[in-house]
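Notes for the structure review
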Amino acid sequence: MASLGSVGRNSHKFERPPFNTSSSSSSSAPTNSSLKSNGGGGGGGGGGAQGQQHTARPKGPTSNSRRSITPTSRTRALPVDYDPESERVRVAVRLRPRNADDPPDADYAECVEIQPELKRLKLRKNNWSSEAYRFDEVFTETSSQKRVYEAVAKPVVESVLEGYNGTVMAYGQTGTGKTYTLGRIGKEDPSERGMMVRSLEDILSSISATDSVEVSYLQLYMESIQDLLAPEKTNIPIVEDAKTGEVSVPGIEIIKIRNLDHFLQILQLGESNRHAANTKMNTESSRSHAILTVYIRRSANEKEETDASNRNHVPTVRKSKLLIVDLAGSERVNKSGSEGHLLEEAKFINLSLSSLGKCINALAENSPHIPIRDSKLTRLLRDSFGGSARTSLIITIGPSSRHHAETASTVMFGQRAMKVVNTVKLKEEFDYESLCKKLESQVDRLSAEIDRQQKLRENERGELNKLLDAFENSSAEAEKRFLAKSELLQKENARLASEMKEVLQELDMQKQQNKMLIDEVARLVTSVKNTKSLEDENARLESELKDVIKELQNQKDQNIIMHDEVKHMEMNSKHVKQKQDNSAYQEVLAETTQMYEGKIADLMKQISDIQVSLEKNEVENSRYHKALVDTTKMYENRINELNQQFEEERARAGEIEEVNSTKELLKEYQNSVQVNAKKEINELQMKLQEMNQLQETTANELRLLSVEFKNLESEKATLENELHYVKQSLEKEEKRRKESEMELLNVMKGVPESEEDFEEKVSYMHEHLTKKFSSLQNPNNSNRTRETILSQRNTITKICEEVGLQKILSLLESGDLDVQIPAVKVVANLAAEDSNQEKIVNEGGLDALLMLVESSNNTTILRVASGAIANLAMNAMNQGLITNKGGAKLLASASSKTDDPQTLRMIAGAIANLCGNGKLHVILKEDGAIKALLRMTRLENTDVIAQVARGLANFAKCESRRFMQGHWRSRSLLMDDGALSWLVANLNTTSTSTRRHLELAICHLAQNEENGRDFISSGALKELIEISEGSAKEDIRNLAKKILRLSPLFRKELRSE
């Protein structure tokens, strides 16, 4: 079997009348007769109803292929391997895995047998009767989403990318996995993504920057088209083009897709606005047909043009669209348990699916009349069956033998669809708009380029003229300058020549002086040597002087000793004079004294001579020193003068060399006068060298900057590594959190959504009355088996044991809807059990539910949370907690921000349970709960009205009881809000069960004598009389008669009439 991707490149296909009533039988007869002769194009003869296997169709065209030619389209040659079977509708079947509602294993094995290798399905009624059907693809319950997409939708997507229209559609019984196959977003697990997400992923990866992708998303709900991306747009009309027959829906929101994340946001927005409800067959049953349309605009591939004459061709554009249709599931009312508004929805769903089946039957049987106008669904799918689109259909079935009839009907629908043949056409148009824009941009670009070139030439011409003028001026000035400089150099040359002679003479004189200086230096050297000898002599004299001083010191010491001896002798002489008076001794003493005095005088003279000689030596020494210093300074000054003269001689020698160089320059100048142009070139070369130097400087700076840049890059890489490490750690942490949440969600998947449990329960005040009528209000309860209830309770118990109630309640605060919704469903089921209610309240579950009611805008969360609060409101203690925490006000506020009937039913049920507590009546009145109850009846939904009636009956009963006990002596609180008028107006327009609540409410209000005037003025007294006579319940008739009999006001009013 040829793949749809390869067939999509063929431009000539079977010409079959589109999906309309104007098609003639003669134009389509050849095609369909060929189909019949070949077993319906892949189906068995007679559609496989008799269990025959399908035979393969022979390849090759059986009818003349043609293609519509428009002024903006082009035709192509028919390929040799053309396969007409490729244009029929491709049908695949997918088996859903078993769930808790399916029968045991024995029955399961006997119902459906899948043979994927033979692409065949066997359907057994019993052990001896079976039917076999062949399809294009057969998928088991273990087939992955990726494999299903690649076999069913990917060929259509590839064909759409080549310019053909395409349709992917899912059909099957409710609860068999259509929405999972097509619309699964796969936010947590990409492997679970459906065909919608995978198709857009392939499209966005295949287009170029010049291509565009846009999407629209609408639903067909109760034969009314609603835009899922703009929910305020409802009842949108369908428009058909009279010339082409194309169907369009004007006014819908078409959004250009930027990337895959953008599309996922749009798809999630659309899914949140789609109608869904809880039935026995499916907890989230789609109640509308959803159609996602992808519009693709691509430029044609010019490489395919082989005609040389069309090189200057007009650009072409291919416009194609892809329809992904998620049909609502067919259902039987006796199995789905639909009633009220759900029953009306089921009627419209089955009606539109029946119309689609009739159209496919008519196309398969080559009927001259195709009833496409019987339903808006068939009009929207006009191009998908019998039109110009390539269509793939996937039918989904369940394994349960309990639904054998529905499974057989789905299989037969697929078999008939395989007989439908489409005429695939390539929609290719001349893109005059883009060509015009392209030519205009080229003209503008060329004009700007011409202007720029002209300005550039003018600027260059001006620059050249300026350079020429400047060169001429500079040449004249240089010539003048060179002439003046040459004259000056000649004069300078003469002057230098004369100076040269003088310098030479001075040099000769300097040479002689130098010789003299050298002789003087030699003499000075000898004098310096003599000075050294004088210094040595001086040193010797200093040493001798030191010796003389030492000797004089010794003499002084001896003189001192001598003086001491003289004194001693004088003392002795005095003693001698005193003792002896002889003159001889005195004479001896006098002689001795004179002798010593003479010696002392000699010694003093010697000392004075020595001192004089020392002073002379010192004077002579100082004179030698002074002469030595003067001589040294003189020679130093002379040496400095000689050095200066030497330097001057050297400078004069340099001047002589400069004179020689000047002569050489003069010669060069004389040569340069003849080659002025060469000198200018040299100057330009110098400038070029300067530019090169500047360039080298710039290059060095650039290298420094590059080094700095590399350093910054390394720092950036380091920071990026650190950031990557932090991101990895955060991703690991996030992955761990998501894994724990996924484990919890996997455990929660088996838990049913008990949104109606609060109706199966009753308040402690109405237990005996409500039990009697609960089976009438919800007949599905009677079908529940004890095993199912035990299974649900065991599942809930298992969740609490494995996960923990605190963990489940913490998930209610998650920002992810895919986490919040299962968590709130589990809490609602737990709240249905009286034993769990106290735990939920103690763990903060009531606060979390009230927070969801206040903050969430999701319909499902609001509905299930209200149902859970309704379950908790069965307990009198919980009722007080709910009202004290503002629960009544939150419920009243929530009723004003939704129009979903099922959500309003849950909210009304919760308020109705609170009305059963007489202590809370004043709070309910102040919080606006009574007004909210009456306001919810605006939709006129029977289920909502039933809950409102029950709430008013509870309120009136408690109030009448307090009145009978003497605790209440005022007019009823319900009178101010118009409750009595509403009761009277709806008494005769509701169902039997709702009428019972209305009758009870009127009777209980009539027991309060303060309400008597209101009864008379509003006509409620007449209704009370009718209740006493015609109520279906005997206890209500007796209560009404008793009130009429005991009320003085009513008896008086009746007598006056």
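Our structure's up above, just so we're on the same page.
Residues numbered from 1 in each chain as written. Predicted model: local features only at pLDDT ≥ 70, side-chain atom pairs only at ≥ 80, totals over all residues. Heavy atoms only, no water.

**A closer look at the sheet that holds strand β6 (residues 130-134)**
As summarised here, the arrangement of the 3 strands in space is β4-β5-β6, forming an open sheet in which the pairing is antiparallel. Both edges of this open sheet fall to β4 (112-115) and β6, since each of them pairs with a single strand only. With direction set aside, neighbouring strand axes in the sheet form an average angle of 15 degrees. With 4 bridges connecting them, β4 and strand β5 (residues 120-124) associate as antiparallel partners. In the sheet register, Val112 faces β5, and the bridge partner there is Leu123. In this fold helix α12 (residues 404-417) packs onto β5 and β6, with an angle of close to 150 degrees to the strand it touches most, β5. (Pairing = 2+ DSSP bridges. Helix = DSSP H or I, 4+ residues; strand = E, 2+ residues; numbered from the N terminus. Axes fitted to C-alpha atoms, helices over the stretch in contact; angles between N-to-C directions. Contact = heavy atoms within 4.5 Å.)

**A short note on the environment of Asn917**
For Asn917, the location among the structural elements is in the loop between α26 (901-914) and α27 (921-926). Overall, the relative accessible area of 9% leaves Asn917 in the buried class. Taking the C-alpha atoms as reference points, Asn917 and Ala876, separated by 41 residues in sequence, lie 7.2 Å from one another. (Buried < 20%, exposed > 50% of the residue type's maximum accessible area, 1.4 Å probe, protein only.)

**Topic: a positive patch on the surface**
The grouping of Arg1013, Arg1051, Lys1052 and Arg1055 at the surface amounts to a positive patch. Per-element accounting of the positive patch gives the leading share, 3 residues, to helix α35 (residues 1048-1056). Tracing the backbone shows Lys1052 in helix α35. The class of Lys1052 is exposed, set by a relative accessible area of 58%. (Patch = residues over 30% accessible without salt bridge, like charges linked within 9 Å, V, L, I, M, F, W, Y side chains within 5 Å. Areas by Shrake-Rupley, 256 points an atom, 1.4 Å probe, with all protein chains shown as cover. Salt bridge = Lys/Arg side-chain N within 4 Å of Asp/Glu carboxyl O. Lys, Arg positive; Asp, Glu negative; His and termini not counted. Charge placed at Lys NZ, Arg CZ, Asp CG, Glu CD.)

**A short note on the environment of Val333**
Position of Val333 relative to the elements: it lies in helix α9 (residues 333-336). Look at Val333 and you get partly exposed, because its relative accessible area is 34%. Along the primary structure Val333 and Ala346 are separated by 13 residues, whereas in three dimensions their C-alpha atoms are 7.6 Å apart. Setting aside chain neighbours within four positions, we find Val333 in contact with Ser338 and Leu343.

**Description of a nonpolar patch on the surface**
A contiguous nonpolar patch, built from Leu688, Met691 and Leu694 and spanning about 310 Å² of accessible area, is present on the exposed surface. Among the secondary structure elements, Leu688 is positioned in helix α15 (residues 676-748).

**Details of the nonpolar core**
Of all hydrophobic cores here, the largest spans 86 residues; its most connected members are Leu812, Leu849, Phe1015 and Leu1024. The greatest single-element share of this core, amounting to 9 residues, is contributed by helix α20 (residues 817-831). Beyond its immediate stretch of four places on either side in the chain, Leu849 contacts Leu812, Val824, Val827, Ala865, Ala868, Ile869 and Leu872. Core analysis: the second largest hydrophobic core is formed by 50 residues, Leu218, Val247, Leu393 and Ala408 among them. (Core = buried A, V, L, I, M, F, W, Y, C linked by side-chain atoms within 4.5 Å.)

**Notes on the packing of aromatic side chains**
On inspection of all chains with the given rule, the structure shows 2 aromatic pairs. Where Tyr171 meets Phe413, the ring centres are 3.8 Å apart and the plane angle is 15 degrees; that geometry is what we call stacked. Pair noted here: Tyr171 is in strand β8 (residues 166-172) and Phe413 is in helix α12, with a separation of 242 residues, a long-range link. Like Phe413, Tyr171 is buried. Taking the centre distance of 6.0 Å and the plane angle of 50 degrees together, the rings of Phe1015 and Phe1050 count as tilted. Taken as a pair, Phe1015 in helix α32 (residues 1012-1018) and Phe1050 in helix α35 lie far apart in primary sequence, 35 residues in all. The same class applies to Phe1015 and to Phe1050, which are both buried. The ring of Tyr164 has Arg390 sitting right over it, with the charged end atom 5.7 Å from the ring centre. Arg481 extends its terminal NZ or CZ atom over the ring of Phe482, reaching a point 5.7 Å from the ring centre. (Phe/Tyr/Trp six-rings, centres within 6.5 Å; stacked < 30°, edge-to-face > 60°. Lys NZ or Arg CZ within 6 Å of the ring centre and 35° of its normal.)

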